Amino acid sequence: MWTEKYRPESLSEYRGASSEKKDLKKHVENWEQGDKAVLLHGQAGTGKTSLVQALANDLGYELVETNASDVRTKSKLKEELKEATRQASFYGGRKLILIDEVDGMSGNSDRGGVKEIGTIVDETRFPIVMTANDAYDNSIRSLRNKSKSIELGSVHTNSIAAFLRDILDEESVDYEDGVPKRIARQAGGQMRSAINDLEAIARGKEQITKDDMDVIGQRDNRQEIFDSLKIIFKTKNLSNASQATENLDEDADTMVQWIRENIPREYKRPEDLSHAYDWISKADLFNGRIRRRMNWKLLKYVYDFSTIGVALAKEEKYKGWTKYQYPSKIRQMGQSRASRQKLDSISSKMGEKLHMSKKDVKNDLPLYANLFRERPEIADSLELEDKEKEFLKKF
């Protein structure tokens, strides 16, 4: 994919964020044991991971990468990360530790993961950079308090457009004046989204025009998941499909629901629909095993079945633009990531007051919601905020 092919290999190739690049480099170069970690945050697609990778290349540091969304428990973090922060590089050089998506650790699946990262940050012998889309997520407040915060803002439209022109020149694709700038504007300050859109209309062509932009449609606030869906449904390439959700700001459950909902909007042949849903059923089976056994290593199969499996389920690619829809199950039941986090917060607060487990409170929330509607003073006694009361009225 072009996002990987044209990933910056040095800070000089990284577009934008000039002051943030200098700040991060200075902190990492001068870091000594006991100094703070860095919390690098900003909306998805702004290049947080790419910036750290480019910095490691420039400094000649060995980069040790871990995605906190995939390694959620205390035991897994100890197994996969803690020793790396204590042992010297294989070649005797310095290391840079990257912990991606620390705000992806929340809810019951955490089981001490955030606290363990805090311990690792305190004891590490090497500089640590953590990334987050939302630095002010309550679940990572303890990490934020012990870190140096660096925010990456949206990439300027002109910087995105200039990079898109470079890619088109490198790919020997002619383009009508204004096309790169229009793609850049639609990307909403996200370099990765702009490159994905460019690849969608330019790969395999000798020339692109403004008319070609109809295939990518207009971007809205679900742009990241739409990028992934577009790749999964429009490709027959195994590698492209496997990378479609690599930097997606959604958990596996939500991603599978998006794919399940939109399969019939893209696939029209009965055989394609049958094969695609067969792969989704396999993803659901492994999701169930993960929940029962807390074995997060199985998560890779959920992603592979729902991306590669669904992408290769079709006999041939469907032409034209498809309007993907928000999953009805999420819309009706409030199962988006933000809603689940809010549910966790409310259930924890009520559990403390009622001397119950968070799980038991969550199971009985519809009952409590009805009770609160009839007896609002009970919700007041549990010290629920107004926005939390409003949220519970949906149940």
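Enquirer: Any details on the overall build of the protein? Residues and values, ideally.
Expert: Secondary structure summary: the protein contains 20 helices and seven strands in total. When the 395 residues of the protein are sorted by exposure, 51% land in the buried category. Partitioning the contacts of the protein with sequence separation of at least 6, the portion at a separation of at least 24 is 77%. For the protein, the exposed area adds up to about 19600 Å²; of that, 45% sits on carbon and sulfur atoms.

Enquirer: Describe the sheet that holds strand E4 (residues 128-132), with residues and values.
Expert: Read across the open sheet, the five strands follow the order E2-E3-E4-E1-E5; overall the sheet is parallel. Here the strands that pair on one side only, and so sit at the sheet edges, are strand E2 (62-67) and strand E5 (147-151). Ignoring which end each strand starts from, the neighbouring axes of this sheet average 20° apart. Relative to strand E3 (residues 95-100), E2 runs parallel, the two sharing six bridges. Each residue of the ladder has a partner; that of Thr66, found in E3, is Ile99. The strands touched by helix H3 (residues 48-59) within the sheet are strand E1 (37-41), E2, E3 and E4, with E3 carrying the most contacts at an inclination of about 175°.

Enquirer: Can you lay out the environment of Val155 for me, pointing to particular residues and giving the numbers?
Expert: For Val155, the position within the fold is in the loop between E5 and helix H7 (157-170). The class for Val155 is buried, based on a relative accessible area of 12%. Placed 109 residues apart in sequence, Val155 and Thr46 show a C-alpha to C-alpha distance of 6.4 Å. Setting aside its immediate chain neighbours within four residues, Val155 contacts Thr46, Ile160, Gly189 and Met191.

Enquirer: Any chance you could break down a negative patch on the surface for me, citing the residues and the numbers?
Expert: A grouping of Asp169, Glu170, Asp174 and Glu206 is seen on the molecular surface, where their side chains present a negatively charged patch. Along the polypeptide, Glu206 turns up in the loop between helix H9 (191-202) and strand E7 (207-208).

Enquirer: Mind laying out the confidence of the model for the protein, listing which residues take part and the relevant values?
Expert: Per-residue confidence for the protein gives a mean pLDDT of 80, with 84% of residues at or over 70. Under a pLDDT of 50 for its full length, residues 218-222 has, in the predicted model, 10 contacts with residues more than four places off or in other chains. Overall, residues 330-335 carries pLDDT values under 50, and its contacts beyond four positions in sequence, including any with other chains, amount to 14 contacts.

Enquirer: Before we move on, could you go through the environment of Gly34 and cite the residues and values that matter?
Expert: Here Gly34 lies in the loop between helix H2 (18-29) and E1. Considered as a pair, Gly34 and Asp122 are 88 residues apart in the sequence and their alpha carbons are 6.7 Å apart.

Enquirer: So what about the packing of H7 against H9? Which residues, and what values?
Expert: It is the contact of H7 with H9, at a shortest axis distance of 10 Å, that shows an interaxial angle of 35°. At the point where H7 passes H9, the crossing takes the right-handed sense. Residues Ser159, Ile160, Phe163, Leu164, Ile167 and Leu168 of H7 lie in contact with H9, whose contacting residues are Met191, Ala194, Ile195, Leu198 and Ala202. For the contact of H7 with H9, the per-class residue count stands at 10 nonpolar, one polar and no charged.

Enquirer: For the pairing of E1, give the residues involved together with the corresponding values.
Expert: Along E1, five of the five residues are buried, which leaves the element largely enclosed by surrounding structure. Every second residue of E1 is oriented toward a common face, with Ala37, Leu39 and His41 on one face and Val38 and Leu40 on the other, all of them buried. In this structure, E1 lies alongside E5, joined through five bridges in parallel fashion. In the sheet register, His41 faces E5, and the bridge partner there is Glu151. Here E1 pairs with E4 via four bridges, running parallel. Paired with His41 across the bridge in E4 is Ala132.

Enquirer: Mind laying out the side chain of Asn287, listing which residues take part and the relevant values?
Expert: Looking at the element boundaries, Asn287 is found in helix H13 (residues 270-293). For Asn287, a relative accessible area of 9% translates into the label buried. Every residue in contact with Asn287, bar those within four places of it in the chain, is listed here: Asp253 and Val302.

Enquirer: Report on the nonpolar core, specifying residues and quantitative values.
Expert: Grouped together as the largest cluster of nonpolar side chains are 34 residues, with contacts concentrated most on Leu229, Phe233, Ile259, Ile263, Val302 and Val310. Mapped onto this core, the elements with two or more residues apiece are helix H10 (223-234), helix H12 (252-266), H13 and helix H14 (299-312). Setting aside its immediate chain neighbours within four residues, Ile263 contacts Phe233, Leu273, Ala276, Tyr277, Ile280 and Val310.

Enquirer: Tell me about the environment of Phe233, and please be specific about residues and values.
Expert: Of note, Phe233 is situated in helix H10. For the pair Phe233 and Asn262, spaced 29 residues apart in sequence, the C-alpha separation works out to 9.2 Å. Not counting residues within four places of it along the chain, the set of residues in contact with Phe233 comprises Ile259, Asn262, Ile263, Glu266, Tyr267, Val310, Lys314 and Tyr324.

Enquirer: Explain the side chain of Glu199 to me, and be specific about the residues and the numbers.
Expert: One can find Glu199 in helix H9. The buried category is assigned to Glu199, whose relative accessible area is 9%. When neighbours within four sequence positions are excluded, Glu199 is seen to be in contact with Met1 and Trp2.

Enquirer: Could you give an account of the packing of H13 against H14, naming the residues involved and the relevant values?
Expert: At a minimum axis separation of 8 Å, H13 and H14 run at an interaxial angle of 170°. Relative to H14, the element H13 lies roughly antiparallel. Contacts between H13 and H14 involve Ala276, Trp279, Ile280, Lys282, Ala283, Phe286, Asn287 and Ile290 from the former and Leu299, Tyr301, Val302, Phe305, Ser306, Gly309 and Val310 from the latter. Considering only residue class, the contact of H13 with H14 consists of 11 nonpolar, three polar and one charged.

What counts, and where the lines are drawn
Per chain, residues are indexed from 1 in the order of the written sequence. Only residues with pLDDT of at least 70 get local features here, since the model is predicted, and only at 80 or more are side-chain atom pairs given and counted; chain-wide, interface and lining totals rely on the full set of residues. Hydrogens are left out, water is left out, and the side-chain values use all remaining heavy atoms of the structure. Secondary structure elements follow DSSP: runs of H or I of four or more residues count as helices, runs of E of two or more count as strands, with numbering from the N terminus. Here the term buried applies to any residue with accessible area under 20% of the maximum for its type, exposed to any over 50%, and partly exposed to those in between, with areas from a 1.4 Å probe on protein chains only. For this analysis, residues touch if any pair of their heavy atoms sits within 4.5 Å. Surface exposure here means Shrake-Rupley accessible area, sampled with a 1.4 Å probe, where a residue is shielded only by the protein chains that are shown. Note: two strands are recorded as paired if DSSP finds a minimum of 2 bridges between them. To define axes, lines are fitted to C-alpha atoms, for helices over the stretch in contact only, and angles between the resulting N-to-C directions are given on a 0 to 180 degree scale. Exposure above 30% relative accessible area and the lack of any salt bridge qualify a residue for a patch; like charges then connect within 9 Å, and the nonpolar side chains Val, Leu, Ile, Met, Phe, Trp and Tyr within 5 Å. Within this document, salt bridges are pairs made up of a side-chain nitrogen of Lys or Arg and a carboxyl oxygen of Asp or Glu, the two lying within 4 Å of each other. Note that His is not counted, nor are the chain ends; the positive residues are Lys and Arg, and the negative ones are Asp and Glu. In this description, the location of a charge corresponds to atom NZ of lysine, CZ of arginine, CG of aspartate or CD of glutamate. How sure the predictor is of each residue is captured by pLDDT, a score from 0 to 100. By convention, the crossing between two helices is left-handed when the near helix turns anticlockwise from the far helix through less than a right angle, and right-handed when the turn is clockwise. All residues other than Ala, Val, Leu, Ile, Met, Phe, Trp, Tyr, Cys, Pro, Asp, Glu, Lys and Arg, Gly among them, are scored as polar; the first ten of these are nonpolar and the last four charged. Nonpolar core, defined: a set of buried Ala, Val, Leu, Ile, Met, Phe, Trp, Tyr and Cys residues in which side-chain atoms within 4.5 Å join the residues together. Any angle between 65 and 115 degrees counts as roughly perpendicular, while under 35 counts as roughly parallel, over 145 as roughly antiparallel, and the rest as oblique.

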